[in-house]
Amino acid sequence: MTLDVLKKSQKGNIVSINSEKVPLKLIEMGCLPGNIVEVLQIAPLSDPIYIKVSDAFLSIRKDLAKEIEVELI
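Residue positions within a chain follow its written sequence, with the count starting from 1. Two thresholds apply to this predicted model, a pLDDT of at least 70 for residue-level local features and 80 or more for giving and counting side-chain atom pairs, whereas whole-chain, interface and lining totals are computed over all residues. Values reported for side chains reflect all heavy atoms of the structure, with hydrogen atoms and water molecules removed beforehand.

1. Notes on the overall build of the protein chain
To qualify as a helix, a DSSP run of H or I must reach at least 4 residues; to qualify as a strand, a run of E must reach at least 2; elements of each kind are numbered from the N terminus. In terms of helices and strands, the protein chain carries two helices and five strands. Ordered by position in the sequence, the α and β elements of the protein chain form the string β-α-β-β-β-α-β. In this treatment the radius of gyration is a C-alpha quantity, and the globule benchmark scales as 2.2 Å times the residue count to the 0.38 power. On C-alpha atoms alone, the protein chain measures out to a radius of gyration of 11 Å, which is about the 11 Å that the 2.2 N^0.38 rule sets for 73 residues. Here the term buried applies to any residue with accessible area under 20% of the maximum for its type, exposed to any over 50%, and partly exposed to those in between, with areas from a 1.4 Å probe on protein chains only. In the protein chain, which comprises 73 residues, the proportion classed as buried is 30%. For the protein chain, the share of sequence-separated contacts (at least 6 apart) that also reach a separation of at least 24 residues comes to 59%. As presented, the protein chain carries roughly 4500 Å² of accessible surface, and 52% of it is formed by carbon and sulfur atoms. The criterion used for residue contact is that any of the two residues' heavy atoms lie within 4.5 Å. Areas reported here follow the Shrake-Rupley algorithm with a probe of radius 1.4 Å; residue values treat only the protein chains shown as occluding.

This is the structure:
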């Protein structure tokens, strides 16, 4: 499954990322395989998604979240 499918308060372990589409800044902030990501908030129109990964709080667009594959914890 991909990160955009997770619901509020769900956690997932990052399995893989599409490094061609995910910006280097997100990778540097902890969006790496093996790290745990938690969905904190979803905007009213489902875009963007507010997440926590490696003690960093990030807001990412749904189309970018589709490029991050996770497995539900």
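So, next bit.
2. Regarding the packing of aromatic side chains
Each Phe, Tyr or Trp ring (for Trp, its six-membered ring) is paired with any other whose centre lies within 6.5 Å, and the angle between the two planes then decides the class: stacked below 30 degrees, edge-to-face above 60, tilted in between. All told, the structure shown has one aromatic pair when counted by the stated rule. Ring centres 6.2 Å apart and planes at 20° place the aromatic pair tyrosine 50 and phenylalanine 57 in the stacked group. Overall, the relative accessible area of 47% leaves phenylalanine 57 in the partly exposed class.

3. What to know about the nonpolar core
Within this scheme, the nonpolar core is defined by two criteria: the residues are buried Ala, Val, Leu, Ile, Met, Phe, Trp, Tyr or Cys, and they are joined through side-chain atoms within 4.5 Å. Core analysis: the largest hydrophobic core is formed by 18 residues, its most contacted members being Leu3, Ile51 and Ile60. Mapped onto this core, the elements with two or more residues apiece are helix H1 (24-28), strand S2 (36-42), strand S3 (49-53), strand S4 (56-60), helix H2 (62-65) and strand S5 (68-72). Per element, the largest residue contribution to this core is three residues, and it comes from S3. What isoleucine 60 contacts, discounting residues up to four positions off in sequence, is Leu3, Leu26, Asp47, Pro48, Ile49, Ile51, Ala65 and Ile68.

4. Here we look at the sheet that holds S3
Strand order across the open sheet formed by five strands is S4-S3-S2-S1-S5, with antiparallel pairing between neighbours. Strands at the two margins of the open sheet, each flanked by one partner only, are S4 and S5. When strand polarity is set aside, the average angle formed by the axes of neighbouring strands in this sheet is 40°. At least two DSSP bridges between two strands are needed for those strands to be called paired. To get an axis, fit a line to the C-alpha atoms, keeping to the stretch in contact for a helix; angles then go from 0 to 180 degrees between the N-to-C directions.

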